[in-house]
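Residue-level structure breakdown
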Amino acid sequence: DKNTNPFYDALTEENRDSLRAWIEQWHKALTKCYTHAAQQSKEAPTPPEETMRLANPKYTLREWMLVEAYSKADPGKSPGNPFSVEGDYSGVHELFELCKDPYAEGTPENHEKYYRRAPDESLRAGGTAFMS
């Protein structure tokens, strides 16, 4: 699925090899650190994936998320009508709820909608292309 691929462009073979080597080094260092912690403590140390999950939020607001939410909330004036159109604040409220606990797994809907790279159309939109 292209929405879950963290790379916007295909990796060259050289970049893929470099990334693979870095991941292997990182994994060895992580294993060594975890093993050392286990040997130093009478209690089982917190698993590395849990430590990382608690230190890194799953959800981080991105410009493309905000643009979608505030565009629905303030759709502006419709042609021929000098008064503002009633906005839909559901997206703003949804992001607010998401931000209350960014480390949580969230709902399956949150995961599908927000745990992804920026949609392609936002990469071409003025003001959001370089902020997401």
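That block above? That's the structure.
Notes on the structure follow. (Residues numbered from 1 in each chain as written. Predicted model: local features only at pLDDT ≥ 70, side-chain atom pairs only at ≥ 80, totals over all residues. Heavy atoms only, no water.)

**Let's talk about the environment of K72**
Within the secondary structure layout, K72 lies in helix α3 (residues 63-73). For K72, a relative accessible area of 34% corresponds to the partly exposed category. Sequence-distant contacts of K72, that is, excluding residues within four places in its chain, are made with G87, D88 and S90. (Helix = DSSP H or I, 4+ residues; strand = E, 2+ residues; numbered from the N terminus. Buried < 20%, exposed > 50% of the residue type's maximum accessible area, 1.4 Å probe, protein only. Contact = heavy atoms within 4.5 Å.)

**Comments concerning the packing of aromatic side chains**
What the rule picks out here adds up to 2 aromatic pairs. Plain terms: the ring middles of W22 and W26 are 6.3 Å apart, the flat faces sit at 10° to each other, and that makes the pair stacked. You can see W22 and its partner W26 sitting in helix α1 (residues 13-40), 4 residues apart, about one turn around the helix. Using a relative accessible area of 36% as the deciding quantity, one classes W26 as partly exposed. Measuring from centroid to centroid gives 6.2 Å for Y59 and Y115, while their planes differ by 75°, and the two rings are edge-to-face. Of the two residues, Y59 is situated in the loop between α2 (48-55) and α3 and Y115 in the loop between α5 (108-114) and α6 (120-123); the sequence distance between them amounts to 56 residues. A residue is classified by how much of its surface remains accessible, and Y59, at 6% relative accessible area, is buried. (Phe/Tyr/Trp six-rings, centres within 6.5 Å; stacked < 30°, edge-to-face > 60°.)

**A few points about the pattern of salt bridges**
Summed over the entire model, instances satisfying the criterion amount to 6 salt bridges. For K58, the salt bridge is made with E105, and the minimal N-O distance between the two is 2.9 Å. Of this pair, K58 sits in the loop between α2 and α3 while E105 sits in the loop between α4 (90-100) and α5, and the two are 47 residues apart along the sequence. Overall, the relative accessible area of 17% leaves K58 in the buried class. Taking the relative accessible area as the measure of exposure, E105 reaches 45% and is therefore partly exposed. A salt bridge links R117 to D120; its shortest N-O distance comes to 3.0 Å. With a relative accessible area of 23%, D120 lands in the partly exposed category. (Salt bridge = Lys/Arg side-chain N within 4 Å of Asp/Glu carboxyl O.)

**Some words on the side chain of R117**
With respect to the helices and strands, R117 occurs in the loop between α5 and α6. Within polar-contact distance, the side chain of R117 engages the side chain of D120 at 3.0 Å. (Polar contact = N/O pair within 3.5 Å; in protein donor to acceptor, adjacent residues only side chain to side chain.)

**Details of the nonpolar core**
By size, the foremost hydrophobic cluster in this structure holds 8 residues: Y59, W64, M65, A69, L95, L98, Y114 and A118. Elements supplying a minimum of two residues to this core: α3 and α4. Sort the elements by how many residues they give to this core and α3 lands first, with 3 residues. Setting aside residues no more than four positions away along its own chain, Y59 makes contact with L98, P102, A104, E105, G106, T107, N110, H111, Y114 and Y115. (Core = buried A, V, L, I, M, F, W, Y, C linked by side-chain atoms within 4.5 Å.)

From the geometry alone we can't say anything about function, so treat these as descriptive.
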